[in-house]
Amino acid sequence: MPDIAELTTHLLNGVVLGLLYAIIALGFMLILGTMEVINFSHGVLFALGGYLALALQPHVGWWAALVLAPLGVGAVGLVLELGVRRTYGRDPLFGLLFTFGAALALEEIIRIVWGPRGYTISVPDFVSGPFHLGFLFYSKYRVLVAVLAVLLLALVWWFLEKTPYGAVVKAGAHDGEMVRALGINLTRMRSLVFALGTAMAGLAGVIAAPMWSLKPTIGAEAVMPAFIVVVIGGIGSFGGAVLGGLMLGLASGLSNLIVPRGSILVMYVLMTVVLLLRPRGLMGQKSMLEL
Amino acid sequence: MAHKSTTMRNGLTRRQLLTGAAAFGAAVGLIGPWRRARAQSGKPILIGLTCDASGTFADSGQADRRGMILAIEEANAKGGVLGRKVEPRWEDTETDASVAVRKAQRLIERDRIDFMIGALSSGVAAPLSDLAQRHGIIYFNSNSSADTVTNEKCHRTNFVWDANNWMFANALGPLVAKNLGTKWFILTHDYVWGKNATAATRENMKKVSADELGELMVPQGTRDFSAQLLRIRSAKPQVVIANVAGIEQTALREQAYEFGADKDAAWVFPQQDFPDMVTLGPKKAFGYFCTTWHYTVDAPGSKEFVANFRKRWAGAPIPVPDNVSCNGYLAMREMLRAIERAGTTRNHDVIKALEGHVIKDNFRKYPSTIRPWDHLVGQMLTLAKTKRETDMKEKWDMIEMIAEIPPEVAAPPQSLSKCKMEAIADTPVYGG
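We now turn to the structure provided with this report. (Residues numbered from 1 in each chain as written. Chains lettered and ligands numbered in written order. Predicted model: local features only at pLDDT ≥ 70, side-chain atom pairs only at ≥ 80, totals over all residues.)

### Considering the overall build of chain A
Point 1. When helices and strands are tallied, chain A shows 11 helices and 2 strands.
Point 2. By the compact-globule yardstick of 19 Å for 291 residues, chain A fits well, its C-alpha radius of gyration being 19 Å.
Point 3. Its C-alpha atoms give chain A principal-axis dimensions of roughly 60 × 50 × 35 Å.
Point 4. With 291 residues in all, chain A has 50% of them scored as buried. (Helix = DSSP H or I, 4+ residues; strand = E, 2+ residues; numbered from the N terminus. Rg over C-alpha atoms; globule rule 2.2 N^0.38 Å. Buried ≥ 20, exposed ≤ 12 C-beta atoms within 10 Å, placed from the backbone.)

Right, here's the structure in full:
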């Protein structure tokens, strides 16, 4: 039976994991909620973020890589959107298939450039190693991950809820025709949202790379939790993505205390239970997945 | 009564017709195989390489393949095998059993390969071995380490080149218990190899009187090990036996370093593939392990082999041979030598040429033997740990050898074998 100190550490770990899942899922949710495209390449863009950081870090340092790598991924997202835009308003399967093909192509490009071997990225020196705080023992880097994740979530919330651009994004998701009729360039707005969503995938990749190592296939493993988070939280819901991420992180982290071999299974069980009770997710609205 | 010969309408007697038919039959009987043999002699010997380029064992799968390709190129440079060129046919088995079986089936049925070689994951090697036996094709399992493929699931056509879990656990156990402590915590990769490795660990724990403080199962695909590391820290073991392989092992060590767990206990990775160490680098590749070979081993022939490998694979991610690529090389080379000894590609003859064969030029201090009763290549093992960065002569010089264990001590005795192999006569004829 775990004591209170162990339980507290596992709870903290679950929250940190959850925040990480939330930022992985946020870009995915943004694109799905706004353009109704299931971006299957989200995972590989996550991996690309890590690989770009790997290439940039020796030259510009970790902090600069944290900014530049997501910008690079966002630029790739802009190019990708040129193809994706042909699928807007059509059967969601078209968008899914296009991004699936793009994911395969991008993974091959990663393999060609960096090879099939794995890499690890060092964390900045000031957050290297663990810290002890009374009974609490934890990794310094993961605390930084939590802080960065909270900052990013706050920034995206502020952008969506408090700026006119956010209002346009939300209006575009709700009624694109009306937004266009108001003289707003919907095509450009969608490009920017796609770039933002992919840049967030890249940012999550940079943050996760020092913990999870890099492999060309790491993206495929990241996209599934992101999808589960969005399904649990509800499509198009910012709060839902955060809540879904935290639930998934806590469930996955705490399951190791009870049924260690079920730490992956528990994610799918959680999704099934939520879908049975609330088919639109915890905070979701009607979406294209219901068509 | 006078004998009257039956005459056909065209003037041929029946006697003449029968004689002619017999002569034709004899000619076909003689010329047919000769022509087939001639056609075979011009035809390359096709070797199917089942090596991962993606999934958990992508790095090691490619190291395995590099060794095999070098052996094939060397054989071709000497004029081929039985006067025939050797050609590889490679498929990425993706560290996935169903993909591997589908692709191997395609290699056998469509490409008509003569032999098959390659495996890292025991989860992949076992079904490939079953498939090979059904067809009768000889299959060399170059780099997987579960014991089952040379015990309950052994096959006449299956030959296993890596040391197995029993060997690794048996070699490490006494050293670990004596020098590092007897309170052990086990991490088990949740698939055939991991479970098998933990069973071997437990068997060995009884011998060395070690106590098990706990076990955590690690599902395949796990990327975050923070919860496991926190559990291990609470258990306060002296030794962590990490029966975890591939990219999961890399992520585990990365995070153990991040949490400072590498200093909480002595970590032992009973089976260590060098490509995973390269991914981590010397700082994070902490711990003790067992290995079959490294390029720094000073043994007859190893310098030349290392030089040839470096020359051929100068641009490869790992340009030096390691335990994985050396197994790939030796397995491939011995397959081709066995064909030469048998004088044919017919499986029954090649199997006979392999069973009991002693490999002296194996770049090790002691020779290896292809054991006839379970087809395991009995070989020496080396206990090792990661070198300090300051002691490394180059980037790849990461392994410090601690002790050598000769094959007769390292390999399981025949009395422990659970292998009940098919008789050669019951194995379908393939090739030739």
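### Some remarks on the overall build of chain B
Point 1. Summing up its helical and strand segments, chain B has 13 helices and 15 strands in all.
Point 2. Each principal axis of the C-alpha atoms in chain B carries an extent, and together these give about 110 × 45 × 35 Å.
Point 3. Counting all 432 residues of chain B, 53% fall into the buried class.
Point 4. Here the analysis covers contacts within chain B between residues at least 6 apart in sequence; of these, 72% occur between residues at least 24 apart. (Contact = placed C-beta atoms within 7 Å.)

### A closer look at helix α10 (residues 302-312) of chain B
All names here are of chain B.
Point 1. Turning to α10, its buried residues number three or more, namely Ser302, Phe305 and Phe309. Buried residues in α10, looked at end-on, bunch into an arc of 65°, giving them a common side. In α10, the exposed residues that point more than 90 degrees away from the buried face are Glu304, Ala307 and Lys311.
Point 2. On its buried side, α10 packs onto α2 (58-77). (Arc of directions from axis to C-beta.)

### Digging into unusual backbone geometry
Point 1. Even without glycine at this site, Glu36(A) takes up a positive phi of about 55°.
Point 2. Structurally, Glu36(A) can be placed in the loop between α1 (4-35) and α2 (42-60).
Point 3. Positive phi, normally seen in glycine, also occurs at Phe363(B), with a value near 65°.

### Focus: the interface of chain B and chain A
Point 1. Contact with chain B, which involves 35 residues of that partner, is made by 29 residues of chain A.
Point 2. Taken together, the residues of the side of chain B that touches chain A sort by class into 13 nonpolar, 13 polar and 9 charged. (Nonpolar A, V, L, I, M, F, W, Y, C, P; charged D, E, K, R; others polar.)

### Digging into the nonpolar core
Point 1. Within the largest apolar cluster, 212 residues are counted, with the highest numbers of intra-cluster contacts made by Leu20(A), Ala22(A), Ala25(A), Val230(A) and Val268(B).
Point 2. At 16 residues, the largest contribution of residues to this core is made by α1(A).
Point 3. Ignoring any residue separated from it by four or fewer positions in sequence, one finds Val268(B) in contact with Leu172(B), Val176(B), Val239(B), Val240(B), Ile241(B), Ala242(B), Gly287(B), Tyr288(B) and Phe289(B). (Core = buried A, V, L, I, M, F, W, Y, C linked by C-beta atoms within 7 Å.)

### A short note on the sheet that holds strand β15 (residues 399-405) of chain B
All names here are of chain B.
Point 1. Spatially, β7-β6-β8-β9-β10-β14-β15 is the arrangement adopted by the 7 strands of the open sheet, whose pairing is mixed. Each edge of the open sheet carries a strand with a single partner, namely β7 (211-218) and β15. Adjacent strand axes in the sheet meet at a mean angle of 25°, parallel and antiparallel pairs treated alike.
Point 2. Relative to β15, strand β14 (residues 381-386) runs antiparallel, the two sharing 6 bridges. The residue of β15 that forms the bridge with Leu381 is Ile405. (Pairing = 2+ DSSP bridges. Axes fitted to C-alpha atoms, helices over the stretch in contact; angles between N-to-C directions.)

### Quick word on the sheet that holds strand β4 (residues 139-141) of chain B
Residues and elements named next belong to chain B.
Point 1. Pairing is parallel in the open sheet, where 5 strands are placed in the order β2-β1-β3-β4-β5. Of all the strands in the sheet, just β2 (86-92) and β5 (158-160) have a single pairing partner and so form its edges. For this sheet, the mean angle separating the axes of adjacent strands, direction not counted, is 20°.
Point 2. Looking at chain direction, β4 and β5 are connected through 3 bridges and run parallel. The residue bridging Tyr139 from the neighbouring strand is Asn158, located in β5.
Point 3. The sheet strands contacting helix α4 (residues 122-135) are β1 (45-51), β3 (115-117), β4 and β5, and the helix crosses β4 at an angle near 165°.

### Thoughts on the packing of α2(A) against helix α9 (residues 218-233) of chain A
Residues and elements named next belong to chain A.
Point 1. Put simply, α2 and α9 touch, their axes get as near as 7 Å, and they point 125° apart. By the angle between their directions, the pair α2 and α9 is classed as oblique. In this structure, the crossing between α2 and α9 has a hand that is right-handed. Packed against α2, whose contacting residues are His42, Gly43, Val44, Phe46 and Ala47, the element α9 presents Ile218, Gly219, Ala220, Ala222, Val223 and Ala226 at the interface. (Parallel < 35°, antiparallel > 145°, perpendicular 65-115°, else oblique. Left-handed = near helix turned anticlockwise from the far one by under 90°.)

### Examining the pairing of strand β6 (residues 183-189) of chain B
Residue and element names in this part refer to chain B.
Point 1. β6 sits mainly inside the fold: 6 of its 7 residues count as buried.
Point 2. Bridge count for β6 against β7 is 7 bridges, and the pairing is parallel. Bridging across to β7, Phe185 finds its partner in Gly214.
Point 3. Pairing of β6 with strand β8 (residues 239-243), which is carried by 5 bridges, proceeds in the parallel orientation. Among the inter-strand pairings, Phe185 is bridged to a residue of β8, identified as Val240.

### Looking at the packing of α2(B) against helix α9 (residues 274-284) of chain B
Residues and elements named next belong to chain B.
Point 1. Two elements in contact, α2 and α9, have axes separated by 8 Å at closest approach and are oriented at 125°. Between α2 and α9, the interaxial angle falls into the category oblique. At the point where α2 passes α9, the crossing takes the right-handed sense. Between α2 and α9, the contacting residues are Asp59, Ser60 and Ala63 on the first element and Pro275, Asp276 and Thr279 on the second.
Point 2. Split into classes, the residues belonging to the contact of α2 with α9 amount to 2 nonpolar, 2 polar and 2 charged.

### Remarks on the environment of Pro279(A)
Point 1. Within the element layout of this structure, Pro279(A) appears in the segment after α11 (265-277).
Point 2. Sequence spacing of Pro279(A) and Leu153(A) is 126 residues, and the spatial spacing of their C-alpha atoms is 25 Å.

### Brief notes about the environment of Pro174(B)
Residues and elements named next belong to chain B.
Point 1. By secondary structure assignment, the location of Pro174 is in helix α5 (residues 165-179).
Point 2. A count of 12 C-beta atoms within 10 Å places Pro174 in the exposed class.
Point 3. Expressed as a C-alpha distance, the spacing of Pro174 and Ser209, which sit 35 residues apart in the sequence, is 9.5 Å.

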